[in-house]
Amino acid sequence: MRDINIVGPTDFTDIKIEEPQDYAAGLPAVKIALGHAMKEMGIAKSIATLSKLNQKGGFDCPGCAWPDPTHRSSLGEFCENGVKAIAEEATNKRVTPEFFKKYSITEMSNWTDFQIGKSGRITAPMILRPGSHHYEPIEWSEAFQVIADELKQLDDPNQGVFYTSGRSSNEAAFLYGLFIRAFGTNNMPDCSNMCHESSGAGLFETIGIGKGSVTLDDFQDAEVVMVIGQNPGTNHPRMLSALEKLKAKGGKVITVNPLEEAALVRFKNPQEPKGIIANGTAITDLFLQVRINQDVALLKLLLKKLADLDVERGGVFDHKFIEEKTQGFEEVLAELDQYSENELLELTGLSAEKVDECVELLANNKRIIICWAMGLTQHKNGVDNIKACVNLLLAKGSIGIKGGGTCPVRGHSNVQGDRTVGITHHVSKKLNESFERVFDFQPPAEEGLDVVHSIKAMHEGDAKVFVALGGNFLSAASDTIYTGEALMNCNLTVSISTKLNRTHLVPGKTSLILPTLGRSEADKTNGKERFVTVENSMGRVHQSQGRLQPASDNLMSEPEIVANMAEAYFGDESKIQWLELGINYDLTREKISQVFNGFDNYSERAKKAGFDLPNHTRTGDFSKLPGGKAKFSVTPLPAHDLDKDEFLLMTIRTHDQFNTTIYGLDDRYRGIFNERRVVMINADEAKELELKKSDVVNLTSTYDRQVRRAENFLVIPYNIPKGNLACYFPEANVLIPHDQFADKSNTPISKSVKVRIEKVS
Ligand SMILES: Nc1nc2c(c(=O)[nH]1)N[C@H]1C(S)=C(S)[C@@H](COP(=O)(O)OP(=O)(O)OC[C@H]3O[C@@H](n4cnc5c(=O)[nH]c(N)nc54)[C@H](O)[C@@H]3O)O[C@H]1N2
Ligand SMILES: Nc1nc2c(c(=O)[nH]1)N[C@H]1C(S)=C(S)[C@@H](COP(=O)(O)OP(=O)(O)OC[C@H]3O[C@@H](n4cnc5c(=O)[nH]c(N)nc54)[C@H](O)[C@@H]3O)O[C@H]1N2
Ligand code: SF4
Ligand SMILES: [Mo]
């Protein structure tokens, strides 16, 4: 085994702590965004790049999946974190073959994720040969042959694992899924498994589609928006513009979160001159500081109180809608009788007054949107969290109406599109038949492995080849050491990547890095520009056309890499014209439209304004569901069985990272600067435990008597409920056991890890 530091260094970086901010964006956001752009790209490239970002005919922001408005602002249609995402991709720094010659993987594995990421863009295909500690350059054709040879040596196609991160285009993801199925497996773990899988599972079961029901326009018509388990100011910043518009029309915002995130307090819109100079807009009307993972208790309490009000004064629930369009309401009401209001209230940690205020807002309004993200999905009962939100919306008749509905806010810019065009470990008979009809082969009928089960299979030697279309699997997954051992146990690991990351440094016996074009870069074939397509969080498909000079002449586009991999594997044996599909994206789009509904005239429509994919929930049509109706669900309370000295820990993002890509070391809105190894704890509780600001602690988690340890965290007394802690992801991922995940969705429990604190100094 090679000598690799799987988790990286645990040193401190000289913390500075200030008061948390009470507003988001404004002038500091503009200044900081431009600072990042200048530092990574220089002036001329910054101007050229930002003028194309999210504009018609330009490229889609590689940040989050929040949709673009129809009318684009002349002050720029992007946010601080969109600029950081672009600066990171369009950086002038390069990771060349000389770089790899200079630094061994052992040496680089001792760098922080921040240092690794800041090394820059990879410029040439690289191979790490068995026993070696240095990557060396390899010709593209030889690299594809290495992959084909390893895949051919497997006893069974199910020994291959093919991961996808959500930045790939529809075209690349479709070809990848096609290749994997033709190869003979459904082992397609993807980043959704760690992300919104619980949303997909909960929504599919209750309303028949794993996507949200609202469009951006619905935000203009809503009376109440509940933002629960989401930090949009950092992770979907332009959502604040939508909330600002809602407020201007008199709409109300309820936020449910263990932390009072700055952006949800007040927003100064940098896209408008008044947002720069004036005081901004107060966003939240009602803040419910719920305890971690007590959202089901809160949603039950709300429904119970609303049911009482409905009996008392009528007109609270939409009985016609409930009668005609839903099933299971009586069971849900009956189950609520088991609980007293007081016991539910106590679990939430909220005051009765605040809950009553919330009840009034929900009772008196019908056009209600519920938005959520990882604060709901990454728990053992993640799927139930979603179902409890759906219960509330169904009781109010708020789904399928203007200004109301479900809004799971997606993470990666094309994670939803990848799923739509076939990246899934689940098997659907209908989908298999479509692939067979169009491509004349029989896709495998056996359910594939998702993220957590892929890791286990690699660890146990049941999977031997790992291929990743984007992402940083090692740092994104839980149980970092176990996942590292799993990757190192493989015969071959392959990363199709733009930038260097920790997964490249924790390799299989042989490892390949295949460098690819980023979203912002011109993608040409025979001198002609091509465009790709993506789907945003609200189901709209549109084109993205890269414009910048690629980071190196030796990059290949993602569809071409996938096509070449397939060609090398199948040779003349396949009826599919792989190379042609990799080159001609119009042809690939035509094939997508033959396999999936809703993509007719794909290329043409994508080039114009884009188009919305079919979504029956938008018209409140539930006729295709079993029984022809939407479903209420009984959602039991979560059981944590915490020991007296155990806390519930949530692992969250700072304002200065995109998942495992660390833009900088500040979490500006929370007032934490130049340090990522911190643990936020309730200020009174810290006193009771005699923990002071900047004390050093270790954190441990104990599951099935196995103790996992994360060393060196600085204590930050903070406004967080008692019994709860917050750390940053991925530093705390070592604490999350690989076998602790949500029921039904298998999403790791990244937001409710049981931990203890050990004081060091
Ligand atoms: N700049 C930037 N943008 C991003 C990303 C990024 O890393 N950086 N990541 C992208 C991706 S892939 C995703 S999935 C999204 C993630 O977007 P978010 O889900 O907003 O990201 P997290 O930081 O995980 O924050 C979750 C929020 O939920 C709260 N929370 C935690 N536990 C609970 C709970 O039990 N109940 C409630 N009610 N709230 C809880 C936390 O306090 C926090 O405010 O963002 C996307 N956009
Ligand atoms: N503890 C904890 N763990 C979590 C989470 C959490 O909240 N807490 N969140 C989870 C969530 S929501 C998600 S989505 C996952 C994220 O998991 P991933 O998607 O695997 O991780 P990223 O950090 O987004 O991947 C970054 C890498 O993608 C590559 N990349 C960037 N752009 C491109 C591109 O255009 N093409 C290609 N081919 N490669 C590109 C770069 O090499 C970069 O290093 O992490 C999960 N892990
Ligand atoms: S809100 Fe998301 S998609 Fe829009 S500019 Fe910001 S990071 Fe990019
Ligand atoms: Mo995500």
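Quick caveat, the model's predicted, so the values are computed rather than measured.

## Some points on the site of ligand 3
Piece 1. Taken together, eight residues sit near ligand 3, with Cys-61, Cys-64, Phe-78, Cys-79 and Arg-238 positioned nearest.
Piece 2. Its residues assigned to classes, the shell around ligand 3 shows five nonpolar, two polar and one charged.

## Description of the environment of Ala-710
Piece 1. Within the secondary structure layout, Ala-710 lies in strand β31 (residues 706-718).
Piece 2. With a relative accessible area of 1%, Ala-710 lands in the buried category.
Piece 3. Separated by 23 residues in sequence, Ala-710 and Asn-733 have C-alpha atoms that sit 8.5 Å apart.
Piece 4. Apart from residues lying up to four places away in sequence, Ala-710 is in contact with Asn-698, Leu-699, Val-734 and Leu-735.

## A short note on the sheet that holds strand β7 (residues 160-164)
Piece 1. Here we have six strands laid out as an open sheet, ordered β6-β5-β18-β17-β16-β7, and mixed in their pairing. Looking at the sheet topology across the chains shown, the edges are occupied by β6 (136-137) and β7.
Piece 2. When strand β16 (residues 465-469) meets strand β17 (residues 492-497), the two strands line up parallel, connected through five bridges. Bridge assignment links Phe-466 to a residue of β17, and that residue is Thr-493.
Piece 3. Across the sheet, helix α8 (residues 170-183) touches β7 and β16, and the angle it forms with β7 is around 170 degrees.

## Observations concerning the packing of aromatic side chains
Piece 1. Applying the stated criterion across every chain yields a total of 31 aromatic pairs.
Piece 2. A ring pair is formed by Phe-174 and Phe-596, whose centres lie 6.3 Å apart and whose planes are at 75 degrees; its orientation type is edge-to-face. With Phe-174 in helix α8 and Phe-596 in the loop between α30 (585-595) and α31 (602-607), the pair connects residues that are 422 residues apart, well separated along the chain.
Piece 3. A centroid spacing of 5.8 Å and a plane angle of 90 degrees characterise the contact between Tyr-602 and Phe-611, whose relative ring orientation is edge-to-face.
Piece 4. Look at Phe-611 and you get buried, because its relative accessible area is 4%.
Piece 5. A connected cluster of aromatic rings, assembled from ring pairs, spans Phe-162, Tyr-176, Phe-179, Phe-183, Tyr-569, Phe-570 and Trp-578.
Piece 6. The cationic tip of Lys-152 hangs over the ring face of Tyr-569; the distance from NZ or CZ to the ring centre is 5.8 Å.
Piece 7. Cation over ring: Arg-167 sits above Phe-658, and NZ or CZ is 5.2 Å from the ring centre.

## Thoughts on the site of ligand 2
Piece 1. Neighbouring ligand 2 are 31 residues, the closest being Tyr-163, Ala-476, Glu-558, Thr-660 and Asn-733.
Piece 2. Here Ile-496 contributes a backbone N or O atom positioned 2.9 Å from a nitrogen atom of ligand 2.
Piece 3. The fraction of the free accessible surface of ligand 2 (930 Å²) that becomes covered by protein chains is 96%.
Piece 4. Per-class residue counts for the shell around ligand 2 are ten nonpolar, 16 polar and five charged.
Piece 5. Inspection of the shell around ligand 2 shows a minimum of three residues originating in each of domain 2 (93-194 + 414-612) and domain 4 (647-759).

## Thoughts on the nonpolar core
Side chains of a nonpolar character, in soluble globular proteins, are inclined to be buried together.
Piece 1. Residues Phe-179, Leu-512 and Leu-514 are the most contacted members of the largest nonpolar core, which totals 57 residues.
Piece 2. Of the residues forming this core, the biggest block, nine residues, is contributed by α8.
Piece 3. Of all hydrophobic cores here, the second largest spans 54 residues; its members include Leu-345, Val-355, Ala-363 and Leu-394.

## A look at the sheet that holds strand β30 (residues 696-703)
Piece 1. Spatially, β25-β32-β29-β31-β30-β33 is the arrangement adopted by the six strands of the closed barrel, whose pairing is mixed. Along the sheet, successive strands turn relative to each other by an average axial angle of 45 degrees, direction set aside.
Piece 2. Both strand β25 (residues 647-652) and strand β32 (residues 724-728) contribute to a ladder of five bridges, which runs parallel. Its bridge partner being in β32, Leu-648 is matched across the sheet by Asn-724.

## Observations regarding the pattern of salt bridges
Piece 1. One pass over the structure, following the stated rule, counts 47 salt bridges.
Piece 2. Ionic pairing is found between Glu-171 and Arg-589, a salt bridge with its closest N-O pair at 2.7 Å. Here the residue Glu-171 occupies a position in helix α8, and Arg-589 occupies one in helix α30, the gap between them amounting to 418 residues. For the residue pair Glu-171 and Arg-589, the accessibility class agrees, reading buried in each case.
Piece 3. Put simply, Arg-708 and Asp-479 hold a salt bridge, and the shortest N to O gap is 2.8 Å. In this pair, Arg-708 sits in strand β31 while Asp-479 sits in the loop between α25 (473-476) and α26 (480-488), placing the two residues 229 residues apart along the sequence.
Piece 4. Taking the relative accessible area as the measure of exposure, Asp-479 reaches 5% and is therefore buried.
Piece 5. Each of the salt bridges in this network shares a partner with another, and the network as a whole consists of Glu-40, Glu-88, Lys-93, Lys-118 and Lys-499.

## Observations regarding a nonpolar patch on the surface
Piece 1. Taken together, the side chains of Met-38, Ile-43 and Ile-47 define a hydrophobic patch exposed on the protein surface, amounting to about 310 Å² of accessible area.
Piece 2. Among the secondary structure elements, Met-38 is positioned in helix α1 (residues 26-41).
Piece 3. For Met-38, a relative accessible area of 37% gives the class partly exposed.

## Here's the deal with the layout of surface pockets
With a probe scaled to a water molecule rolled over the atoms, the places where space remains empty come into view.
Piece 1. By volume, the largest pocket is sized at about 1,600 Å³.
Piece 2. Along its surface, the largest pocket is lined by 43 residues, and Phe-204, Gly-208, Ile-209, Gly-210 and Lys-211 are the ones closest to its centre.
Piece 3. By residue number, the principal contributor to the lining of the largest pocket is helix α9 (residues 197-207), which donates five residues.
Piece 4. Tallied by class, residues from the lining of the largest pocket come to 13 nonpolar, 19 polar and eleven charged.

## Some thoughts on the packing of α9 against helix α21 (residues 382-396)
Piece 1. It is the contact of α9 with α21, at a shortest axis distance of 8 Å, that shows an interaxial angle of 40 degrees. It follows that α9 is oblique to α21 by the angle criterion. You can see that α9 and α21 cross each other, and the crossing is right-handed. Side by side, α9 and α21 meet where Ser-198, Ser-199, Ala-201, Gly-202, Leu-203, Glu-205, Thr-206 and Ile-207 of the first sit next to Gly-382, Val-383, Ile-386, Lys-387, Val-390 and Leu-394 of the second.
Piece 2. When grouped by side-chain class, the residues that make up the contact of α9 with α21 number seven nonpolar, five polar and two charged.

## A short note on helix α28 (residues 558-570)
Piece 1. In this model α28 runs 18 Å from its N-terminal to its C-terminal C-alpha over 13 residues, within 8% of the 18 Å that 1.5 Å per residue would give.
Piece 2. Of all the 13 residues making up α28, eleven are buried; the element is thus mostly covered by neighbouring parts of the structure.
Piece 3. Taken together, the buried positions of α28 are occupied by Glu-558, Pro-559, Glu-560, Ile-561, Val-562, Ala-563, Met-565, Ala-566, Ala-568, Tyr-569 and Phe-570.
Piece 4. Looking one or two residues beyond α28, the residue adopting positive phi is Gly-571, at roughly 55 degrees.

## Digging into the environment of Ala-639
Piece 1. Note that Ala-639 resides in the loop between β24 (630-631) and β25.
Piece 2. Once the C-alpha coordinates of Ala-639 and His-738 are considered, the two residues, 99 residues apart in sequence, prove to be 19 Å apart.

## Quick notes on the domain arrangement of the protein
Piece 1. For the protein, the assigned domains read domain 1 (23-88), domain 2 (93-194 + 414-612), domain 3 (197-408) and domain 4 (647-759).
Piece 2. Spacing between the C-alpha centres of domain 1 and domain 3 amounts to 29 Å.

## Some remarks on the state of the cysteines
Piece 1. On inspection of all chains with the given rule, the structure shows zero disulfides.
Piece 2. Cys-389 supplies the cysteine sulfur nearest to Cys-358, a cysteine that is in no disulfide, at a spacing of 11 Å.

## So, empty space enclosed by the protein
Piece 1. Applying the stated criterion to the full structure yields eight cavities of 30 Å³ or more.
Piece 2. Its volume calculated, the second largest cavity comes out at about 100 Å³.
Piece 3. Where the lining of the second largest cavity is concerned, the elements lending two or more residues are β2 (24-25) and α12 (239-248).
Piece 4. Grouping the constituent residues of the lining of the second largest cavity by class yields ten nonpolar, four polar and two charged.
Piece 5. The residue makeup of the lining of the second largest cavity includes at least three contributed by each of domain 1 (23-88) and domain 3 (197-408).

Criteria and cut-off values
Every chain is numbered on its own, with residues counted from 1 as its sequence reads. Whichever chain is written first becomes A and whichever ligand is written first becomes 1, with later ones labelled in order. For this predicted model, a pLDDT threshold of at least 70 governs which residues receive local features, and a threshold of 80 or more governs which side-chain atom pairs are given and counted, while totals over whole chains, interfaces and linings are taken from all residues. For the side-chain quantities, the full set of heavy atoms in the structure was used; hydrogens and water were omitted. Here a residue counts as near a molecule or strand whenever at least one of its heavy atoms sits within 4 Å of it. Under the grouping applied here, Gly and all other residues not named as nonpolar or charged are polar, the nonpolar ones being Ala, Val, Leu, Ile, Met, Phe, Trp, Tyr, Cys and Pro and the charged ones Asp, Glu, Lys and Arg. Helix and strand labels come from DSSP, where a helix needs a run of H or I of at least four residues and a strand needs a run of E of at least two; each type is numbered from the N terminus. Note on exposure labels: buried denotes an accessible area under 20% of the residue type's maximum, exposed denotes more than 50%, and partly exposed covers the range between, all computed with a 1.4 Å probe on protein chains only. We call two residues in contact whenever any of their non-hydrogen atoms come within 4.5 Å of each other. Strands are treated as partners if at least two bridges between them are detected by DSSP. A fitted line through C-alpha atoms serves as each axis, taken over the contacting stretch for helices, and the angle formed by two N-to-C directions is quoted from 0 to 180°. Here a pair means two rings of Phe, Tyr or Trp (six-membered ring of Trp) with centres within 6.5 Å. Their orientation is stacked below 30 degrees between planes, edge-to-face above 60, and tilted elsewhere. We call a charge positioned above a ring when the Lys NZ or Arg CZ atom is no farther than 6 Å from the ring centre and deviates by at most 35 degrees from the ring normal. Polar contact is defined as a pair of N or O atoms within 3.5 Å, subject to the rule that within protein one atom must be able to donate a hydrogen and the other to accept it, and that residues adjacent in sequence are counted only when both atoms are side-chain atoms. A 1.4 Å probe and the Shrake-Rupley method give the accessible areas. Residues count as covered only by the protein chains that appear here. What marks off one domain from the next here is an automatic or database domain assignment. Residues belong to a common nonpolar core when they are buried Ala, Val, Leu, Ile, Met, Phe, Trp, Tyr or Cys residues joined through side-chain atoms within 4.5 Å. Should a side-chain nitrogen of Lys or Arg be within 4 Å of a carboxyl oxygen of Asp or Glu, the pair is scored as a salt bridge. Patch membership is restricted to residues that have no salt bridge and whose relative accessible area is over 30%. Joining uses 9 Å for like charges and 5 Å for the nonpolar side chains Val, Leu, Ile, Met, Phe, Trp and Tyr. Buriedness for pockets is judged along seven lines, at least five of which must meet protein on both sides within 12 Å for an open set on the 1 Å grid over protein atoms alone, while cavities are sets there where a 1.4 Å probe fits but cannot get out, and lining residues have an atom within 4 Å of a point. Grid points are joined across faces, edges and corners, and a volume is the space filled by probe spheres set on the points. Angles are sorted into four bins: roughly parallel if under 35 degrees, roughly antiparallel if over 145, roughly perpendicular if 65 to 115, and oblique for all others. If you view the pair so one helix is near and one far, a crossing is left-handed when the near helix is turned anticlockwise from the far one by less than a right angle, and right-handed when it is turned clockwise. A helix is expected to span 1.5 Å for every residue after the first. Our working definition of a disulfide is a cysteine sulfur pair at a distance within 2.5 Å.

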